[in-house]
Amino acid sequence: MERAVVWEVYTSHTESTVTVGGLSAPPASLARVFATVARLGVEPRTVVGSGAGVTLVVPRPRGRAIAATLAAKGTPVQLSDSVARVGVRGIGLRVDSAVATTFCRAVNAVGVPLAVVSVESTDVSVVCAEHRAEDVAGALAKTFGTATCDVARDHDHRPEPTLVVAGGGPH
């Protein structure tokens, strides 16, 4: 089995969540929401659906425009600019299921809900309340044995890789 390599824990305070409710005919209603977002030139970074609603994670400067446009069309919408994305970066993260499992356990251990989680081959992240970002980043750094960076400040930060194998922890 391929082993994952985790090289950093990061925080990003550059996104908003736009939660849309009241999607009475979910496929058609969701299509209208995405069409509205596309007309504004925004590509959601993460989309999470639940019941008759959906949460879009979008660039923070665009969140207000999306929420205002949807609200003007009578769509129930809630905007939150007080969120942060906290995650780990590396390679092979989706292939090694231990990474996502270890990630979720670490986030859960500090009492942060796993409502918006993204798992990609080079990035596993959670969107959480902004005031909890430091707690999550600290727990992940301890769990994966890595340094942390704030992408708003450290755009090119690349610490030395840490090998993470099944069961988590640096090796």
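Calculation notes
- Residues numbered from 1 in each chain as written.
- Predicted model: local features only at pLDDT ≥ 70, side-chain atom pairs only at ≥ 80, totals over all residues.
- Heavy atoms only, no water.
- Helix = DSSP H or I, 4+ residues; strand = E, 2+ residues; numbered from the N terminus.
- Buried < 20%, exposed > 50% of the residue type's maximum accessible area, 1.4 Å probe, protein only.
- Contact = heavy atoms within 4.5 Å.
- Areas by Shrake-Rupley, 256 points an atom, 1.4 Å probe, with all protein chains shown as cover.
- Salt bridge = Lys/Arg side-chain N within 4 Å of Asp/Glu carboxyl O.
- 1 Å grid on protein atoms, 1.4 Å probe; cavity = no way out; pocket = protein on both sides within 12 Å on 5 of 7 lines; lining within 4 Å.
- Points joined across faces, edges and corners; volume = space filled by probe spheres on them.
- Nonpolar A, V, L, I, M, F, W, Y, C, P; charged D, E, K, R; others polar.

### Brief notes about the overall build of the chain
Part 1 of the reasoning: Counting its secondary structure elements, the chain contains four helices and ten strands.
Part 2 of the reasoning: Listing each helix as α and each strand as β along the chain from the N terminus yields β-β-α-β-β-α-β-β-α-β-β-α-β-β.
Part 3 of the reasoning: Out of the 171 residues in the chain, the part that is buried amounts to 45%.
Part 4 of the reasoning: Contacts in the chain between residues far apart in sequence, at least 24 positions, make up 75% of those at least 6 positions apart.
Part 5 of the reasoning: Total accessible area on the chain stands at roughly 8,400 Å², and carbon and sulfur atoms take up 54% of it.

### Observations concerning the pattern of salt bridges
Part 1 of the reasoning: Within the structure shown, the criterion is met by seven salt bridges.
Part 2 of the reasoning: Its salt-bridge partner being E8, residue R89 comes within 2.7 Å of it at the nearest N-O pair. With R89 in strand β6 (residues 83-91) and E8 in strand β1 (residues 4-12), this pair connects stretches of sequence that are 81 residues apart.
Part 3 of the reasoning: We note a salt bridge from R64 to D81, for which the minimum N-O separation is 2.9 Å. Pair noted here: R64 is in helix α2 (residues 60-72) and D81 is in the loop between β5 (77-80) and β6, with a separation of 17 residues, a long-range link.
Part 4 of the reasoning: Members of the salt-bridge network, linked through shared partners, are E8, R89 and D123.

### So, the layout of surface pockets
Part 1 of the reasoning: Considered as a void within the structure, the largest pocket measures approximately 170 Å³ in volume.
Part 2 of the reasoning: Lining the largest pocket we find 13 residues, and of these S29, R32, V33, K73 and T75 sit closest to its centre.
Part 3 of the reasoning: A class-by-class count of the residues in the lining of the largest pocket yields four nonpolar, six polar and three charged.

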